[in-house]
Amino acid sequence: MTVLVTGGAGYIGSHMVLALLDAGEEVVVIDNLSTGFDWVLPPEVELVVGDMGDQALVEGVIRRRGVDAIAHFAAKIVVPESVADPLGYYLNNTVKSRALIEAAVRAGVAHFIFSSTAAVYGEPAVVPVPEDLPLSPVSPYGRSKLMTEWMLADAAYAHGLRYVVLRYFNVAGADPQGRAGQSTPNATHLIKVAAQTALGDRPRMEVFGTDYPTADGSCVRDYIQVSDLAAAHLSALAHLRKGGESLTLNCGYGRGYSVLEVIEVVKRVSGVDFEVRISPRRPGDPAQIVAKADRIRERLGWRPHYDDLEAIVAQALAWERSLKQRNLR
Ligand SMILES: NC(=O)c1ccc[n+]([C@@H]2O[C@H](COP(=O)([O-])OP(=O)(O)OC[C@H]3O[C@@H](n4cnc5c(N)ncnc54)[C@H](O)[C@@H]3O)[C@@H](O)[C@H]2O)c1
């Protein structure tokens, strides 16, 4: 039994590959390296450089490697870019996911784990956000992912596939053993940007809006450590292989930190008091998104191990330093 990881050369997918290897699983990766890096994968992992929407390629890999489960990470992920290029996002994230799901059905793959996002909730009226809230994404990115959730549910009903949709909140940190991390040079993730600023790679950073209805006026988000998230996928895989039903689950810790709080922690852990500029709000940033996070614990028995913002920040800083030392940016 082999697990096919699409987007396995990317940030979260590469941590999933490590988690699978650590658990003794066979792994094959399909990645077009549009934002991922081949060097992040251990040499024993087969990397097929190609498109997850290429059905002949995907079906060939499934049959040759005896794939019984797909963990589907491959996507374009930048919200403002999706506003500027909606059709590119619908093609990559929705149309190609449709092709992938069809290839899975045709080749008889029974288990599918999909990387969805809190962006499917849009600007949630209820915080913490439960999974059964009406879904109203406000960006093409969020809609491109929600359509894939729907396709998956419909295909599962019609074709007997079983799936777990995991809706990630804000993913952060790096492998505690220093084997992987967020490597995209122009990533927009807050902790990554703050870590780069602390290390002098950016002259300053911006905070978009300090007039939100939150305790300190900046936006509040739920940060989940990336190895904890990978472990949630392993629990989902075990659930599906045991014959468990299809599920849709939030992935977060159920507690929020404001942008200003996160920046304070990065300053404290790095020991650098870098410049922060307050800018106007960005359109489409909800004031607060925090997961209602009990369903995944109840249904999968998942428990986080790295629910500690200082530790997450320390991992992000360590990874940033190691990229710098190895000249990988
Ligand atoms: N990073 C977050 O905070 C976050 C939050 C919610 C959801 N997600 C979801 O998690 C998944 C992984 O995100 P990430 O942060 O690791 O991003 P990433 O850009 O680091 O990884 C995406 C990977 O997919 C590959 N890829 C993209 N399109 C492809 C295609 N058509 N065929 C083959 N490979 C392709 C890229 O080369 C890259 O390696 C995405 O589906 C994203 O929507 C991420």
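Given the structure is predicted, the values throughout are model-derived calculations rather than measurements.

### Some details on the domain arrangement of the protein chain
At step 1: Domain boundaries assigned for the protein chain yield domain 1 (2–169 + 224–251) and domain 2 (190–221 + 254–325).
At step 2: Across the boundary between the two partners, domain 1 contributes 29 residues, which contact 20 residues of domain 2.
At step 3: A combined buried area of about 2000 Å² lies between domain 1 and domain 2, and 67% of that area is made up of carbon and sulfur atoms.
At step 4: For domain 1, the biggest contributors to the area lost against domain 2 are Gln 225, Asp 228 and Leu 249; these three give 25% of the whole.
At step 5: Viewed at the interface, domain 2 and domain 1 are joined by two salt bridges.
At step 6: Arg 295 is the partner of Glu 131 in a salt bridge, and the nearest nitrogen-oxygen pair spans 3.8 Å.
At step 7: The set of elements that each furnish at least two residues to the side of domain 1 that touches domain 2 consists of strand E10 (223–225), helix H7 (226–241) and strand E11 (247–251).
At step 8: Top element by residues in the side of domain 1 that touches domain 2 is H7. It accounts for seven residues.

### Some details on the site of the ligand
At step 1: In the vicinity of the ligand lie 29 residues, with Asp 31, Thr 35, Phe 73, Tyr 141 and Lys 145 positioned nearest.
At step 2: The contact in question runs from an oxygen atom of the ligand to an N or O atom on the side chain of Tyr 141, over 2.6 Å.
At step 3: For the ligand, whose accessible area on its own is 830 Å², the fraction buried by protein is 96%.
At step 4: Listing elements by their share of the shell around the ligand, those giving two or more residues are helix H1 (11–22), helix H4 (86–106), strand E5 (111–117) and helix H5 (140–159).
At step 5: With three residues, E5 is the single largest residue contributor to the shell around the ligand.

### A look at the pairing of strand E2 (residues 26–31)
At step 1: Burial analysis of E2 places five of its six residues in the buried class, which makes it a mostly covered element.
At step 2: As judged from the five bridges shared by strand E1 (residues 2–6) and E2, these two strands associate in the parallel manner. Bridged to Val 3 within E2 is Val 27.
At step 3: Following the chain from E1 across H1 to the adjacent parallel E2, one finds a crossover that is right-handed.
At step 4: The pairing of E2 with strand E3 (residues 46–49) spans four bridges and is classified as parallel. Its bridge partner being in E3, Asp 31 is matched across the sheet by Val 49.

### Some details on the side chain of Gln 55
At step 1: For Gln 55, the position within the fold is in helix H2 (residues 55–65).
At step 2: One polar contact links Gln 55 to Arg 106, side chain to side chain, over a distance of 3.2 Å.
At step 3: Non-local contacts of Gln 55, meaning those with residues more than four positions away in its chain, are made with Arg 98, Ala 99, Glu 102, Ala 103 and Arg 106.

### Looking at the nonpolar core
At step 1: By size, the foremost hydrophobic cluster in this structure holds 62 residues, and its most contacted members are Val 5 and Ile 191.
At step 2: There are two domains that each give this core at least three residues, and those are domain 1 (2–169 + 224–251) and domain 2 (190–221 + 254–325).
At step 3: Not counting the four nearest positions on each side in its chain, Val 5 is found in contact with Gly 13, Met 16, Val 17, Leu 20, Val 27, Val 28, Val 29, Ile 30, Ala 71 and Phe 73.
At step 4: With 25 residues, the next largest nonpolar core counts Leu 4, Ile 30, Val 58 and Phe 114 among its residues.

### Section: the pattern of salt bridges
At step 1: The tally for this structure, following the rule as stated, stands at 23 salt bridges.
At step 2: Here Glu 25 and Arg 241 are joined by a salt bridge, their closest N and O atoms 2.8 Å apart. With Glu 25 in the loop between H1 and E2 and Arg 241 in helix H7, this residue pair connects regions lying 216 residues apart in the sequence.
At step 3: Note that Arg 241 is salt-bridged to Asp 68, the shortest N-O span being 2.9 Å. With Arg 241 in helix H7 and Asp 68 in strand E4 (residues 67–72), this pair connects stretches of sequence that are 173 residues apart.
At step 4: Since its relative accessible area comes to 26%, Arg 241 is described here as partly exposed.
At step 5: Here the residues in one salt-bridge network are Glu 59, Arg 63, Arg 98, Glu 102 and Arg 106, joined through shared partners.

### Some thoughts on helix H10 (residues 309–325)
At step 1: Relative to the 24 Å expected for 17 residues at 1.5 Å per residue, H10 spans 24 Å between its end C-alpha atoms, a close match to the ideal helical length.
At step 2: Within the span of H10, buried status applies to Leu 309, Ile 312, Val 313, Gln 315, Ala 316, Leu 317, Trp 319, Glu 320, Ser 322 and Leu 323.
At step 3: Looking at the buried residues of H10, the elements they touch are strand E7 (170–172), helix H6 (190–198), E10, strand E12 (257–258) and helix H8 (259–270).
At step 4: The backbone nitrogen of Glu 310 has a side-chain oxygen 3.0 Å away, supplied by the residue at the start of H10, namely Asp 308.

### Focus: the sheet that holds strand E14 (residues 288–289)
At step 1: Read across the sheet, three strands follow the order E12-E9-E14 without closing on themselves; strand pairing throughout is mixed. Both outer strands of the open sheet, E12 and E14, are each paired with one neighbouring strand and no more.
At step 2: Examined bridge by bridge, strand E9 (residues 220–221) and E12 share two bridges and lie antiparallel to one another. Its bridge partner lying in E12, Val 220 is registered against Ser 258.

Criteria and thresholds
In this numbering scheme, every chain counts its residues from 1 along its sequence in written order. Local features in a predicted model are, by the rule used here, given only for residues with pLDDT of at least 70; side-chain atom pairs are given and counted only at 80 or more, and totals for whole chains, interfaces and linings are based on all residues. Only hydrogens and water are set aside when side-chain values are computed; all heavy atoms of the structure are taken into account. Throughout the structure description, domain borders are defined by an automatic or database domain assignment. Two residues form a contact once any of their heavy atoms are found within 4.5 Å. What gets called buried area is simply the loss in accessible area from a 1.4 Å probe that two parts show on being joined, summed for both. Salt bridge criterion: a side-chain nitrogen from Lys or Arg within 4 Å of a carboxyl oxygen from Asp or Glu. In this description a helix means any DSSP run of H or I spanning at least four residues, a strand means any run of E spanning at least two, and both kinds are numbered starting from the N terminus. Residues are labelled near a given molecule or strand when at least one of their non-hydrogen atoms is within 4 Å of it. Whenever two N or O atoms come within 3.5 Å, that pair is a polar contact, provided that in protein one can donate a hydrogen and the other can accept it, and provided that, for residues adjacent in sequence, both atoms are side-chain atoms. Computed with the Shrake-Rupley method and a 1.4 Å probe, the accessible areas treat only the protein chains shown as cover for residues. Summary of the burial criterion: residues with accessible area below 20% of their type's maximum are buried, those above 50% are exposed, and those between are partly exposed, where the area comes from a 1.4 Å probe applied to protein chains only. The rule for pairing is simple: two strands pair if DSSP sees at least two bridges between them. Handedness of a crossover is defined as follows: with both strands directed away from the viewer, a clockwise route from the first strand across the helix to the second makes it right-handed. Nonpolar core, defined: a set of buried Ala, Val, Leu, Ile, Met, Phe, Trp, Tyr and Cys residues in which side-chain atoms within 4.5 Å join the residues together. By this rule the span expected of a helix is its residue count minus one, scaled by 1.5 Å.

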